[in-house]
Amino acid sequence: MTPVLTVEGVTAGYGRVTVLHDISLEAGRFGNVGLFGPNGHGKTTLLRAISGLLKPKSGSIRFDGQDIAGLSARAIVGTGLIHVPQGNRLFPDLSIADCMALGAYSARARPHEAENREKVIKLFPKLAQRWRQRVRTLSGGERQMVSIGTALMSHPRLLILDEPTLGLAPKIKDELCASVMDISRGGVPLIVVEQDIEFLLELTQQLYLVNHGAVATEIKPGESLDHGEIMSMYFGH
Amino acid sequence: MSALAEILFGGLFQGSLYAMMAVGLALVWTTIGVFNFSHGVFMMLGAYIAWQLVEIGLPAAVAFPVAVVVMAGVGWILQASVVRPLIGRPNIVLVVVITTLAAGSLIENGALTIWGPRSKQIPALIDGNTTIGGVGVSLHQIAIIVITPLILAALWVFLNRTRLGLALRAVAQNEDASHLVGLNVTALYGLAFAIAASLAGLAGIFMGGYRFMSPVMGSDPLLKALIVVVFGGISSISGPIFAAYLIGFFEAACSYYFGLYWTPALLFGVLILTLMVRPEGIFASRSRGLA
Ligand SMILES: Nc1ncnc2c1ncn2[C@@H]1O[C@H](COP(=O)(O)OP(=O)(O)O)[C@@H](O)[C@H]1O
Ligand SMILES: [Mg+2]
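This one's a predicted model, so the numbers in the text were calculated from it and none came from an experiment.

1. Side note on the overall build of chain A
Okay, step 1: Along the backbone of chain A there are nine helices and 10 strands.
Okay, step 2: Computed over C-alpha atoms, the radius of gyration of chain A comes to 17 Å, within 12% of the 18 Å expected from 2.2 N^0.38 for 237 residues, which places it in the range of a compact globule.
Okay, step 3: Overall, the C-alpha framework of chain A stretches about 50 × 40 × 35 Å when taken along its three principal axes.

Here's what the structure looks like:
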């Protein structure tokens with residue numbers, strides 16, 4: 001299979017600080033991709049560069065053959081590459097209904113609004129009960145559901161999740177994992193950043209260890225590792 | 001009876017003008033997170049453009065709407081030239097105070113050069129006078145009292161019942177998340193400024209219909225609008241609307257009982273007390289958002 005997303009030699013950062021140093025990776029060749037690594041090493045920055053929130057200083061990012069590096073976030077949403085940011089801050093004073101309507105804002109997603117809303121409600125029935133409630137009044141798990149639901153409303157062709165289980169209780173994590181698995185089975189490839197390695201091993205087929213703004217190790221399917229080995233890579237030998 | 005009628009009428013009238021001004025200031029603050037110090041100049045410019053259009057022979061019914069639309073364009077251009085380039089800077093709030101003050105002063109002096117210092121007046125919305133509850137009032141003022149709530153209600157419907165309004169409320173809350181659902185954040189910022197400038201321009205037209213206009217006619221209303229938004233809370237647009245009318249009534253009552261001379265002092269006294277007790281404003285929630 002050809003990769004859906006190819007990142008090649010991307011350098012990016014904030015102001016004069018360079019966070020990503022010539023990073024390269026591919027996604028979609030072997031299924032879902034997981035990114036892991038210590039905090040503050042550029043995973044979020046990489047996702048921001050991919051989704052257009054941050055302009056890379058150099059390098060290329062190809063999504064389905066099209067070079068998207070340097071495009072506006074809006075144009076990238078228009079290609080179907082959808083990014084669920086870290087920390088589910090969302091729109092605190094909007095209702096779930098409003099968030100779903102915003103998810104379907106792009107011209108590409110609008111025709112599928114009703115059908116995607118059905119999907120979201122099926123996937124997260126809890127949201128239907130709180131449809132008119134403001135996001136700030138929801139629990140962390142529910143907010144994460146709204147984040148992911150909003151992304152599904154955007155009719156994704158590739159879904160990028162940044163630490164979806166951050167701060168969630170183990171039981172909620174498992175539920176979320178099952179839901180995300182459902183999305184993947186529905187035919188949407190994933191790129192997931194996670195600290196929870198079990199979550200990644202469950203959901204993804206290919207892993208990248210990101211360290212100091214570059215890929216330190218790539219783990220392809222078949223080279224499956226156990227938890228212990230990954231933890232030792234994580235913390236150095 | 002006539003005291004009550006006078007206070008009620010004066011409060012509704014002043015409150016209407018303050019609300020028109022304050023709501024635009026609040027709209028820009030909630031969406032972009034900056035204070036627009038050229039807002040008073042928008043008011044002046046709206047009045048002068050309307051005056052000019054009437055002067056070249058257009059009927060008021062055409063001139064006024066055209067002036068309001070032109071003001072939308074002015075707001076958009078001002079935003080694109082002195083606000084948008086600064087977005088993303090950590091000190092944007094202070095820098096924009098300076099750039100909008102500078103742009104405002106430029107426009108004010110431009111108006112002085114073009115139209116001169118002589119006071120001007122534009123036609124009233126409706127000519128004539130009447131008496132209500134023993135108080136003589138002009139039909140122009142009554143028209144303002146009636147039209148303003150309708151316009152504010154229309155703005156509410158736009159913000160709360162349309163997709164574009166939803167998008168404006170969204171950028172007010174989270175810019176990154178707005179980008180990630182594909183909103184055109186830059187255009188929405190322009191739109192917020194355009195709406196604010198239109199409302200200010202309309203307030204200018206209202207004012208120019210009963211009082212003489214001058215190039216500095218916007219500075220006092222700007223000050224009042226600032227007081228209104230600080231008093232009502234800058235984090236929403238309903239807060240400033242209520243505050244505008246409250247301050248209108250307060251001023252009307254003060255000037256009736258204590259005279260015009262004492263009104264500003266009393267107003268600032270109340271403002272300072274309010275800020276000591278509730279620093280976020282009396283009607284404010286603690287978050288930024290349009291509601
Ligand atoms: N908005 C920002 N401005 C400046 N530096 C930032 C910003 N966001 C992140 N950084 C820095 O970039 C580096 C990488 O952060 P990030 O990409 O969030 O890492 P990760 O997601 O892997 O934890 C960190 O050193 C962080 O301090
Ligand atoms: Mg991160």
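2. As for the layout of surface pockets
Once rolled over the atoms, a probe with the size of a water molecule shows which space is left empty.
Okay, step 1: There is about 760 Å³ of room inside the largest pocket.
Okay, step 2: The wall of the largest pocket is formed by 30 residues, among which Ile87, Gly88, Glu175, Asp176 and His179 of chain B lie closest to the centre.
Okay, step 3: Taken together, the elements giving at least two residues each to the lining of the largest pocket come down to helix H2 (73-79) of chain A together with helix H1 (2-32), helix H4 (92-115), helix H6 (163-173), helix H7 (175-180) and helix H8 (185-208) of chain B.
Okay, step 4: The computed volume of the second largest pocket comes to approximately 530 Å³.
Okay, step 5: If you trace the second largest pocket, you find 25 residues lining it, with Gln14, Tyr18, Arg211, Glu251 and Leu260 of chain B closest to the centre.
Okay, step 6: Of all the secondary structure elements, the ones that give two or more residues to the lining of the second largest pocket are H1, helix H9 (219-232), helix H10 (238-257) and helix H11 (263-277) of chain B.
Okay, step 7: At 10 residues, the largest contribution of residues to the lining of the second largest pocket is made by H1 of chain B.

3. Looking at the packing of aromatic side chains
Residues and elements named next belong to chain B.
Okay, step 1: Scanning the model with the defined rule gives six aromatic pairs over all chains in all.
Okay, step 2: With centroids separated by 4.9 Å and ring planes inclined at 75°, the aromatic side chains of Phe13 and Tyr210 adopt a geometry described as edge-to-face. Separated by 197 residues along the polypeptide, Phe13 in helix H1 and Tyr210 in the loop between H8 and H9 bring together distant segments of the chain.
Okay, step 3: Owing to a relative accessible area of 4%, Phe13 belongs among the buried residues under this scheme.

4. Notes on the site of ligand 1
All names here are of chain A.
Okay, step 1: Neighbouring ligand 1 are Tyr14, Val19, Pro38, Asn39, Gly40, His41, Gly42, Lys43, Thr44 and Thr45.
Okay, step 2: A distance of 2.6 Å is found between an oxygen atom of ligand 1 and a backbone nitrogen or oxygen belonging to Gly40.
Okay, step 3: Residue contributions to the shell around ligand 1 peak at three residues, all from helix H1 (residues 43-50).
Okay, step 4: Of the residues contributing to the shell around ligand 1, the split by class is three nonpolar, six polar and one charged.

5. Details of the coordination of the magnesium ion (ligand 2)
Residue and element names in this part refer to chain A.
Okay, step 1: Around the magnesium ion (ligand 2), the protein contributes the donor atoms Thr44 (OG1) and Gln86 (OE1), which lie 2.0 to 2.2 Å from the metal centre. Taken together, the positions of Thr44 in helix H1 and Gln86 in the loop between strand E6 (81-84) and helix H3 (96-103) put the pair 42 residues apart, joining distant regions of the chain.
Okay, step 2: In this structure Thr44 comes out as partly exposed when scored by relative accessible area, which is 27%.

6. Focus on empty space enclosed by the protein
Okay, step 1: The full count for this structure, using the stated rule, is two cavities of 30 Å³ or more.
Okay, step 2: Space inside the largest cavity adds up to approximately 140 Å³.
Okay, step 3: Taken together, 15 residues line the largest cavity, and the ones lying closest to its centre are His83, Pro85, Leu90, Ser147 and Thr150 of chain A.
Okay, step 4: Listed by contribution, the elements that provide at least two residues to the lining of the largest cavity are E6 and helix H6 (140-153) of chain A together with H7 of chain B.
Okay, step 5: Residue composition of the lining of the largest cavity, grouped by class: nine nonpolar, five polar and one charged.
Okay, step 6: Taken as a whole, the second largest cavity encloses approximately 30 Å³ of empty space.
Okay, step 7: Around the second largest cavity sit Val4, Leu5, Ala27, Gly28, Gly31, Leu158, Pro189, Leu190 and Ile191 of chain A, which together line it.
Okay, step 8: When its residues are assigned to classes, the lining of the second largest cavity shows seven nonpolar, two polar and no charged.

7. Quick word on a nonpolar patch on the surface
Residue and element names in this part refer to chain B.
Okay, step 1: Taken together, the side chains of Leu223, Phe268, Ile272, Leu273, Met276 and Val277 present a nonpolar region at the surface, about 630 Å² in accessible area.
Okay, step 2: Broken down by element, the nonpolar patch gets its largest block of residues, five residues, from H11.
Okay, step 3: With respect to the helices and strands, the residue Leu223 is situated in helix H9.
Okay, step 4: With a relative accessible area of 41%, Leu223 lands in the partly exposed category.

8. Description of the environment of Arg108 of chain A
All names here are of chain A.
Okay, step 1: Tracing the chain through its elements places Arg108 in the loop between H3 and helix H4 (113-123).
Okay, step 2: Once residues lying within four places of it in the same chain are set aside, the contact partners of Arg108 are Val77, Gly78, Thr79, Gly80, Ser154, His155, Pro156 and Arg157.
Okay, step 3: A polar contact of 3.3 Å, which involves the side chain of Arg108, links it to the backbone oxygen of Ser154.
Okay, step 4: Engagement of the side chain of Arg108 in a polar contact is seen with the backbone oxygen of His155, the distance being 2.7 Å.

9. Details of the sheet that holds strand E5 (residues 66-67) of chain A
In a beta sheet, neighbouring strands pair by backbone hydrogen bonds and run either parallel or antiparallel.
Residue and element names in this part refer to chain A.
Okay, step 1: Across the sheet, four strands lie side by side as E2-E1-E4-E5; this open sheet has antiparallel pairing. Two strands bound the open sheet, and with one partner strand each, they are strand E2 (17-27) and E5.
Okay, step 2: Direction of pairing for strand E4 (residues 58-63) relative to E5: antiparallel, over a ladder of two bridges. For Arg62, the partnering residue across the bridge sits in E5 and is Asp67.

10. Examining the interface of chain B and chain A
Okay, step 1: Facing 19 residues of chain B, the contacting portion of chain A comprises 25 residues.
Okay, step 2: The junction of chain B with chain A conceals about 2000 Å² of combined surface from both sides, 60% of it contributed by carbon and sulfur atoms.
Okay, step 3: Note that Glu113 of chain A and Arg163 of chain B form a salt bridge whose closest N and O atoms lie 2.7 Å from each other.
Okay, step 4: Secondary-structure elements contributing two or more residues to the side of chain B that touches chain A are H6 and H7 of chain B.
Okay, step 5: Class assignment for the residues of the side of chain B that touches chain A results in eight nonpolar, seven polar and four charged.

11. Some points on the environment of Asn36 of chain B
Residues and elements named next belong to chain B.
Okay, step 1: Take Asn36: it is sitting in the loop between H1 and helix H2 (39-55).
Okay, step 2: Considered as a pair, Asn36 and Pro240 are 204 residues apart in the sequence and their alpha carbons are 15 Å apart.
Okay, step 3: A distance of 2.6 Å separates a polar atom in the side chain of Asn36 from a polar atom in the side chain of Ser38.

12. Let's talk about the nonpolar core
Okay, step 1: The biggest cluster of nonpolar side chains holds 143 residues, and the ones touching the most others in it are Phe36, Leu102, Val146 and Leu159 of chain A.
Okay, step 2: The residues contacting Leu102 of chain A, other than those within four sequence positions of it, are Phe91 and Leu94 of chain A together with Leu166, Ala167, Ala170, Val181 and Leu183 of chain B.
Okay, step 3: Formed by 26 residues, the second largest nonpolar core is a distinct cluster that contains Leu5, Val10, Ile50 and Leu81 of chain A.

13. A short note on the pairing of E2 of chain A
Residue and element names in this part refer to chain A.
Okay, step 1: Pairing of strand E1 (residues 5-14) with E2, which is carried by seven bridges, proceeds in the antiparallel orientation. Bridge assignment links Tyr14 to a residue of E2, and that residue is Val17.
Okay, step 2: Between E1 and E2, which follow one another and run antiparallel, lie two residues, and Gly15 among them has a positive phi close to 60°.

Parameters at a glance
- Residues numbered from 1 in each chain as written.
- Chains lettered and ligands numbered in written order.
- Predicted model: local features only at pLDDT ≥ 70, side-chain atom pairs only at ≥ 80, totals over all residues.
- Heavy atoms only, no water.
- Helix = DSSP H or I, 4+ residues; strand = E, 2+ residues; numbered from the N terminus.
- Rg over C-alpha atoms; globule rule 2.2 N^0.38 Å.
- 1 Å grid on protein atoms, 1.4 Å probe; cavity = no way out; pocket = protein on both sides within 12 Å on 5 of 7 lines; lining within 4 Å.
- Points joined across faces, edges and corners; volume = space filled by probe spheres on them.
- Phe/Tyr/Trp six-rings, centres within 6.5 Å; stacked < 30°, edge-to-face > 60°.
- Buried < 20%, exposed > 50% of the residue type's maximum accessible area, 1.4 Å probe, protein only.
- Near = heavy atom within 4 Å.
- Polar contact = N/O pair within 3.5 Å; in protein donor to acceptor, adjacent residues only side chain to side chain.
- Nonpolar A, V, L, I, M, F, W, Y, C, P; charged D, E, K, R; others polar.
- Donors = N, O, S within 2.8 Å, 3.2 Å for Na, K, Ca; no water.
- Patch = residues over 30% accessible without salt bridge, like charges linked within 9 Å, V, L, I, M, F, W, Y side chains within 5 Å.
- Areas by Shrake-Rupley, 256 points an atom, 1.4 Å probe, with all protein chains shown as cover.
- Salt bridge = Lys/Arg side-chain N within 4 Å of Asp/Glu carboxyl O.
- Contact = heavy atoms within 4.5 Å.
- Pairing = 2+ DSSP bridges.
- Buried area = accessible area lost by both parts, 1.4 Å probe.
- Core = buried A, V, L, I, M, F, W, Y, C linked by side-chain atoms within 4.5 Å.

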